[in-house]
Amino acid sequence: MSQFSVSGMDRTASGLWLNARILGLSPGGPPIVEAGALAVQDGRIAYCGAEADVPHSLRQSLTTFDCGRRWITPALIDCHTHLVYGGNRAREFERRLAGATAEEIARAGGGIVSSVKTTNALSVEDLVAQALPRLDTLLAEGVSTVEIKSGYALNIEGELKMLRAARRLGEIRPVRIVTSWLAAHATPPEYRGRNGDYISDVVLPGLEAAHAEGLVDAVDGFCEGIAFSPAEMVRVFEKAVDLGLPVKLHAEQLSDLGGARLAASYGALSADHLEYLNAADARAMAKAGTVAVLLPGAFYTLRERQAPPVKALREAGAHIALATDSNPGTSPLTSLLLTMNMAATLFGLTVDECLAGVTREAARALGLSEETGTLEIGKSADFAIWDIESPAELVYRIGFNPLHKHVFKGRRVSA
């Protein structure tokens, strides 16, 4: 796997990219600039618009790069992943193909319990080493920002170890890492039938420790019949509020428990999955500004039958983001390009919705709208340059990566 770094020639984090076609995705800006230019100073966007209107001072002071009429878009953002974990579950996948049920696999020691065992057996360094190939695959598609959750240790020290590994990834690769505390992901065997005790003993004190160590940016949970109830998640959210941390929630993936409505009532950054979301709760999310993060990789891997209610989300005016949900069991996916194609093919999203879903709306789902996700003056200079004839190619092609260059905070990322 390639070792990604920042190109030495771009240490100044400044430059002027000319002869480009630009899809900036800013809500109030032009949809497309055909003869465009993008200027960067000190890692920030100083100009984005028509090449003819580039200020003279920028032309005089910045090194120029010819894009050769290639397309520039915001760098991609993966706003929901479980990228740090131990081992894999390929044998489990094989067993499912042979007809084994989830219950049979779990009884044989598979499922999340398998990932918990392998994750807890690894050091921070081991977790980093196993996650790096997955992260590098995302970076190779022009990804600048990745959210990483804990949730595969289910004990305090193990969950902290996962988040330490996530932070370390952001130190050794040119990428922005955002972390989420997801100890309320499942109940370990020793707490089976005692969700309340697990929350009291592990989830809440572990969250306090993670916050004290500076390891957590948001708080997440899995609200489902096989995981945690809305009432149980209230305890977790209340602790997050006490600590001044934003919340998000895995909700309505397998049934309608009102998790999305709960998330909206707390002003959550996002509610994710949402296959069983009802129209009223879609409206509650839209009113609260809670982003709907759709995860077609899990839908595909689990061969689900009920797709998220995209029509209801559109009618409500909800923001829609997309993510890989990269994880060892239900979405072993490390491609946002394929994620967009899946969302269009399986969920009926438009090309525009897909492109916004992995840039502008993904940034919104992480609370980063002021920093990245669109090409606007003052924002971090995170962008991708593509060898394509039209942006639709990024959604249309399967298994094809047309990335030409990738820029993060104004510096070119090289492999």
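Thresholds, definitions, all that
- Residues numbered from 1 in each chain as written.
- Predicted model: local features only at pLDDT ≥ 70, side-chain atom pairs only at ≥ 80, totals over all residues.
- Heavy atoms only, no water.
- UniProt positions renumbered as here; feature names shortened; annotations may be inferred.
- Helix = DSSP H or I, 4+ residues; strand = E, 2+ residues; numbered from the N terminus.
- Rg over C-alpha atoms; globule rule 2.2 N^0.38 Å.
- Buried < 20%, exposed > 50% of the residue type's maximum accessible area, 1.4 Å probe, protein only.
- Contact = heavy atoms within 4.5 Å.
- Areas by Shrake-Rupley, 256 points an atom, 1.4 Å probe, with all protein chains shown as cover.
- Lys, Arg positive; Asp, Glu negative; His and termini not counted.
- Charge placed at Lys NZ, Arg CZ, Asp CG, Glu CD.
- 1 Å grid on protein atoms, 1.4 Å probe; cavity = no way out; pocket = protein on both sides within 12 Å on 5 of 7 lines; lining within 4 Å.
- Points joined across faces, edges and corners; volume = space filled by probe spheres on them.
- Nonpolar A, V, L, I, M, F, W, Y, C, P; charged D, E, K, R; others polar.
- Pairing = 2+ DSSP bridges.
- Polar contact = N/O pair within 3.5 Å; in protein donor to acceptor, adjacent residues only side chain to side chain.
- Arc of directions from axis to C-beta.

- As named in an unreviewed UniProt entry, the chain is Imidazolonepropionase, taken from Pseudorhizobium endolithicum.
- Quoted verbatim from the Pathway (unreviewed entry) heading of the UniProt record, the comment on the chain is "Amino-acid degradation; L-histidine degradation into L-glutamate; N-formimidoyl-L-glutamate from L-histidine: step 3/3."
- The heading Catalytic activity (unreviewed entry) in the UniProt record of the chain holds the text "4-imidazolone-5-propanoate + H2O = N-formimidoyl-L-glutamate".

1. Considering the overall build of the chain
Now for step 1: Helix and strand counts for the chain stand at 16 helices and 18 strands.
Now for step 2: What you see for the chain is a C-alpha radius of gyration of 21 Å, in line with the 22 Å of a compact globule of 415 residues.
Now for step 3: Seen along its three principal axes, the alpha-carbon backbone of the chain occupies a region of about 70 × 45 × 45 Å.
Now for step 4: Here the chain holds 415 residues, and 57% of them are scored as buried.
Now for step 5: For the chain, the proportion of contacts with a sequence separation of at least 24, taken over those separated by at least 6, is 71%.
Now for step 6: As displayed, the chain offers around 16,100 Å² of accessible surface, 51% of which is attributable to carbon and sulfur atoms.
Now for step 7: Put simply, the chain has 40 plus and 48 minus side-chain charges, and the middle of one group is 2 Å from the middle of the other.

2. Comments concerning the layout of surface pockets
Now for step 1: In this structure, the largest pocket spans a volume of roughly 1,400 Å³.
Now for step 2: What lines the largest pocket is a set of 48 residues, and nearest its centre among them are Arg89, Gly111, Ile112, Ile226 and Thr330.
Now for step 3: For the lining of the largest pocket, the secondary-structure elements that each account for two or more residues are helix H2 (90-97), helix H3 (102-107), helix H4 (112-120), helix H11 (296-301) and helix H13 (336-347).
Now for step 4: Classifying every residue of the lining of the largest pocket by side-chain character gives 24 nonpolar, 17 polar and seven charged.

3. Digging into the UniProt feature "binding site: 4-imidazolone-5-propanoate" (unreviewed entry) in the chain
Now for step 1: The sites that UniProt annotates as "binding site: 4-imidazolone-5-propanoate" (unreviewed entry) are Arg89, Tyr152, His185, Gln253 and Thr330. For the largest pocket, the lining residues among the annotations just cited are Arg89, Tyr152, His185, Gln253 and Thr330.
Now for step 2: Along the chain, the position of Arg89 falls in the loop between strand E7 (76-78) and H2.
Now for step 3: A residue is classified by how much of its surface remains accessible, and Arg89, at 11% relative accessible area, is buried.
Now for step 4: Apart from residues no more than four positions distant in its own chain, Arg89 is found in contact with Gly111, Ile112, Ser114, Ser115, Tyr152, Pro328 and Gly329.

4. What to know about the sheet that holds strand E11 (residues 222-223)
Now for step 1: Sheet architecture is open: five strands sit in the order E11-E12-E13-E14-E15, paired in parallel fashion. Strands at the two margins of the open sheet, each flanked by one partner only, are E11 and strand E15 (320-322).
Now for step 2: When strand E12 (residues 248-251) meets strand E13 (residues 270-273), the two strands line up parallel, connected through four bridges. When the bridges of E13 are listed, His250 appears paired with Asp272.

5. Things to note about the sheet that holds strand E8 (residues 143-149)
Now for step 1: One open sheet accounts for four strands, arranged E7-E8-E9-E10; its pairing is parallel. Two strands close off the open sheet at either side, each with one partner strand: E7 and strand E10 (218-219).
Now for step 2: Pairing between strand E9 (residues 176-181) and E10: two bridges, direction parallel. Residue pairing for E10: Ser180 is matched across the bridge by Ala218.

6. Concerning the side chain of Lys379
Now for step 1: Inspection of the secondary structure assignment puts Lys379 in the loop between helix H15 (360-365) and strand E16 (383-386).
Now for step 2: Of the polar contacts made by the side chain of Lys379, one reaches the backbone oxygen of Ser369; its length is 2.7 Å.
Now for step 3: Once you skip the residues sitting within four places of it in the chain, Lys379 turns out to touch Gly43, Arg44, Ile45, Ser369, Glu370, Glu371, Thr372 and Thr374.

7. Section: the side chain of Asp136
Now for step 1: Along the chain, Asp136 falls in helix H5 (residues 124-139).
Now for step 2: Polar contacts involving the side chain of Asp136 include one to the side chain of Arg173, which spans 2.7 Å.

8. A word on the pairing of strand E18 (residues 411-414)
Now for step 1: Judged from the two bridges that link them, strand E1 (residues 5-6) and E18 form a sheet pairing that is antiparallel. Paired with Val6 across the two strands is Val413, which belongs to E18.
Now for step 2: The antiparallel pairing of strand E17 (residues 403-408) with E18 creates a hairpin that spans two residues between the two strands, and Lys409 there sits at a positive phi of about 55 degrees.

9. Topic: unusual backbone geometry
Now for step 1: Its identity is not glycine, yet Asp42 carries a phi of approximately 50 degrees, on the positive side.
Now for step 2: Secondary-structure assignment places Asp42 in the loop between strand E3 (33-41) and strand E4 (44-50).
Now for step 3: Residue classification places Asp42 among the exposed positions, given a relative accessible area of 67%.

10. Digging into empty space enclosed by the protein
Now for step 1: Following the criterion strictly, the structure yields one cavity of 30 Å³ or more and no others.
Now for step 2: By volume, the largest cavity is sized at about 30 Å³.
Now for step 3: In the lining of the largest cavity, the residues fall into six nonpolar, two polar and no charged.

11. Structural notes on helix H10 (residues 279-288)
Now for step 1: Listed as buried for H10 are Asp281, Ala282 and Met285. Along the long axis of H10, the arc covered by the buried residues comes to 110 degrees, so they all point the same way. Pointing more than 90 degrees away from the buried face of H10 are the exposed residues Arg283 and Lys287.
Now for step 2: Lining the buried residues of H10 we find helix H9 (259-265), E13, strand E14 (291-294) and helix H12 (310-316).
Now for step 3: Here H10 starts with a cap whose side-chain oxygen sits 3.1 Å from the backbone nitrogen of Ala280, and that cap is Asn278.

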